[in-house]
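Geometric and topological summary
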Amino acid sequence: MKEGKNSPKLIFEEKKAITLFLSLFYLFYFTYEIFWYFILPKYTDYGASHLLNDGLGYWLYFFIIMLLPISLTFIKKGNPYIVKYILLFGFILFDGINSFLVYFGSSQSFASGNIVELLFVFFSPVFVNKQYYWSVTFGLLGRYLLLGLILQDGNVMSPMLGIIILSGIAFILLIRFFSYIKSITNVYEELNQKEKLAVIGQMAAAVGHEIRNPLASLKGFTQLQIETNAAANGYYPIMIQEIDRINSIVDDLMYLGRPREPKYEKANIEQIINYTLSLTNHQAVENGVTVETIKREPIPLIDCDEGRLKQLFINLIKNAIEAMPDGGRVRISIQVLDNQKLEISIEDEGLGISKESINNLFEPFYTTKKDGTGLGLIVSHQIIKDHNGDLRIESEQGNGTRVIVSLPITQRK
């Protein structure tokens, strides 16, 4: 499960980043101002010490400094995410007003800006936030564009061009950061998945055989009672069904705990699916479900472990039937893709699955069924993986679910 932005860990990381950003912002801002207005004019013909008496004057620094206690208040309240926007738009507003007051109606050429603009641009990837990146880019460009239109001064084009170039570099860094984070997240989720499966494996190894032995005895005695006590036959079949269901769960646990290499042999996928349908036919009739099989072309034999694929399609077809307790139709289509793969699609007319649930379907023990175990799809996914295939689920709430299985026709040895 993914953590939201209110996660304590993410808030802590944001606080560290924003604290560094605050420190650099005020260090860069006032170092640049002191250098530009006090040091540079004393030793060169550059600088602009006289501008302190124009525009907002010292009030500009007062307003900029006041952004600090406001920012610290939000950090203290546990909402550091807004601080970077306060600094950005506060700077754009106050510096923009100051530039307008200085140059409007003046004969001076436009020469405004501060080195913190570079800090905004280059620090935006650090926050790994595309919304903030675009706010920085369009905010700074918009400030210069607005001043250029009001002041009728083309000198704003130079800093605008610089911001566009630097923003392009920052965008590349931002994309790379997102790529790295996605890779790390995928690795973490994969390790987490393997850890869960390892726990299942340990549990299966410890109790699997111990459960199977009494189950075999219970099933044997129940079948004996059916033969000797015909009057109670209405109850014993239910007991056998439940015993078989428990045994099926144990099989899933054992398979996940001790996966084995598939034994590839040539097999007919149509025969495998027909066999599966014969086993699930009784359940389909009870649910009022009809099954339609569509074959678009001659289907070649494939290299596969026939027993494993039977288990796979039993899981998927049962899921499709159980998704329609009030009846409906299941469509199973088989087609060849580029003479290299078989694509088997199983589509139902059930209520569908939410997007959030689809993202979690392959998590161990996650299920959308009231009496599900959350192991069926995990087993199915493992079987497909063992066959070097692919399994995709397409669904939309209210519009049914489509499960697509892709299998290579010939396995590489």
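You'll find the structure just up there.
Described below are features of the structure shown in this document. Position numbers for residues start from 1 in each chain and track the written sequence from start to end. Under the rules for a predicted model, residues below a pLDDT of 70 receive no local features and side-chain atom pairs below 80 are neither given nor counted, while totals for whole chains, interfaces and linings still include all residues. To obtain the side-chain values, all non-hydrogen atoms of the structure were included, while hydrogens and water were left out.

**Details of the overall build of the protein chain**
Numbering of helices and strands starts at the N terminus; helices are DSSP runs of H or I of at least 4 residues and strands are runs of E of at least 2. Along its length, the protein chain carries 11 helices and 7 strands. In the protein chain, which comprises 413 residues, the share counted as buried stands at 39%. In this description, contact between two residues means that some pair of their heavy atoms is separated by no more than 4.5 Å. Pairs at least 24 apart in sequence give 74% of the contacts found in the protein chain among residues at least 6 apart. Computed with a 1.4 Å probe, the accessible areas rest on the Shrake-Rupley method; for each residue, only the protein chains presented here act as cover. By element, 59% of the accessible surface of the protein chain is carried by carbon and sulfur atoms, the whole surface being about 23900 Å². The buried label applies to any residue whose accessible area, calculated with a 1.4 Å probe on protein chains only, is under 20% of its type's maximum; exposed applies above 50%, and partly exposed to all values in between.

**Thoughts on the packing of aromatic side chains**
Here is the rule: rings of Phe, Tyr and Trp (six-membered ring for Trp) pair when centre to centre is within 6.5 Å. Planes less than 30 degrees apart are stacked, more than 60 are edge-to-face, and the remainder are tilted. Taken as a whole and assessed by the stated rule, the structure comprises 26 aromatic pairs. Between Phe25 and Tyr26, the aromatic rings sit 5.0 Å apart at their centres with planes inclined by 90°, giving edge-to-face as the arrangement. A centroid spacing of 5.2 Å and a plane angle of 85° characterise the contact between Tyr29 and Phe30, whose relative ring orientation is edge-to-face. In this structure Tyr29 comes out as buried when scored by relative accessible area, which is 0%. For Phe30, a relative accessible area of 24% puts it in the partly exposed group. Here, over-ring charges are defined by two tests on the NZ atom of lysine or the CZ atom of arginine: distance to the ring centre within 6 Å, and angle to the ring normal within 35 degrees. When the ring centre of Tyr132 is taken as origin, the NZ or CZ atom of Lys84, which lies over that ring, is 5.8 Å away.

**A closer look at the sheet that holds strand S2 (residues 289-295)**
With mixed pairing, the 5 strands of this open sheet are ordered in space as S2-S4-S5-S7-S6. For this open sheet the edge positions go to S2 and strand S6 (390-395), each flanked by a neighbour on one side alone. On average, adjacent strands in this sheet sit at an angle of 15° to one another, irrespective of strand direction. Here, strands pair whenever DSSP counts at least two bridges between them. Bridge count between S2 and strand S4 (residues 328-337): 7 bridges; the pairing is parallel. Each bridged residue has a counterpart across the sheet, and for Ile294 the counterpart in S4 is Ser333. Across the sheet, helix H9 (residues 306-322) lies against S2, S4, strand S5 (341-347), S6 and strand S7 (401-408), angled at about 30° from S5, the strand it touches most. To get an axis, a line is fitted to the C-alpha atoms, and for a helix only the part in contact is used. The angle between two axes follows their N-to-C directions and goes from 0 to 180 degrees.

**Topic: the pattern of salt bridges**
Note on pairing: side chains with opposite charge can pair once their charged atoms come close. By definition, a salt bridge exists where a carboxyl oxygen of Asp or Glu is found within 4 Å of a side-chain nitrogen of Lys or Arg. The final tally for this structure, using the stated rule, is 10 salt bridges. Glu117 is the partner of Arg143 in a salt bridge, and the nearest nitrogen-oxygen pair spans 3.0 Å. On the criterion of sequence distance, the pair formed by Arg143 in helix H5 (residues 130-151) and Glu117 in helix H4 (residues 116-123) is long-range, its members being 26 residues apart. In this structure, the salt-bridge partner of Glu292 is Arg329, at a minimum N-O distance of 3.5 Å. One end of the pair, Glu292, is in strand S2; the other, Arg329, is in strand S4, with 37 residues separating them in the sequence. Relative accessible area serves as the criterion here: at 30%, Glu292 is assigned to the partly exposed category. Several salt bridges converge on common partners, so that one network encompasses Asp95, Glu117 and Arg143.

**With respect to helix H11 (residues 376-386)**
The element H11 is extensively covered by neighbouring structure, given that 8 of its 11 residues are classed as buried. The complete set of buried residues in H11 reads Leu377, Ile378, Val379, Ser380, Gln382, Ile383, Ile384 and Asp386. The positive-phi residue at the C-terminal boundary of H11 is Asn388, with phi of around 60°.

**Structural notes on the nonpolar core**
Counting residues in hydrophobic clusters, the biggest one holds 44 residues, and the most contacted among them are Phe21, Phe25, Ile64, Leu87, Phe120 and Tyr132. No other element matches the 10 residues that helix H3 (residues 83-103) contributes to this core. Those residues within four positions of Leu87 in sequence are excluded, and the remaining contacts are Phe21, Leu22, Phe25, Tyr26, Leu67, Ser71 and Phe120. Membership of the second largest hydrophobic core comes to 35 residues, among which are Ile269, Ile273, Val379 and Val403. The definition of a nonpolar core used throughout is a set of buried Ala, Val, Leu, Ile, Met, Phe, Trp, Tyr and Cys residues joined through side-chain atoms within 4.5 Å.

**Structural notes on unusual backbone geometry**
Phi angles above zero are rare outside glycine, and Val128 is one such case at about 50°. In this structure, Val128 sits in the loop between H4 and H5. We note that Asn339 has phi near 55°; this positive angle belongs to a residue other than glycine. Looking at the secondary structure, you find Asn339 in the loop between S4 and S5.

**Structural notes on the packing of H9 against H11**
It is at 9 Å that the axes of H9 and H11 come closest, and there the two elements cross at 140°. Looking at the two axes, H9 sits oblique to H11. Seen along the crossing, H9 lies across H11 with a hand that is left-handed. Across the interface between the two elements, Arg308, Leu309, Gln311, Leu312, Asn315, Leu316 and Asn319 from H9 touch Gly376, Leu377, Val379, Ser380, Ile383 and Ile384 from H11. Class assignment of the residues belonging to the contact of H9 with H11 gives a composition of 7 nonpolar, 5 polar and 1 charged. Throughout, the term roughly parallel applies to angles under 35 degrees, roughly antiparallel to angles over 145, roughly perpendicular to angles from 65 to 115, and oblique to all others. Take the far helix as the reference: if the near one is turned anticlockwise from it by less than a right angle, the crossing is left-handed, and if turned clockwise, right-handed. Lys, Arg, Asp and Glu make up the charged group, whereas Ala, Val, Leu, Ile, Met, Phe, Trp, Tyr, Cys and Pro make up the nonpolar group; the residues left over, Gly among them, are polar.

**Quick word on H3**
Given a rise of 1.5 Å per residue, 21 residues ought to cover 30 Å, and the 30 Å separating the end C-alpha atoms of H3 matches this to within 8%. Among the 21 residues that make up H3, 16 are buried, leaving the element largely enclosed by the rest of the structure. By definition here, a helix of n residues has an expected span of 1.5 Å times n minus one.

**A few points about the environment of Leu145**
For Leu145, the position within the fold is in helix H5. Overall, Leu145 belongs to the partly exposed group, its relative accessible area being 44%. Taking C-alpha positions, Leu145 is 7.8 Å from Met160, a pair spaced 15 residues apart along the chain.

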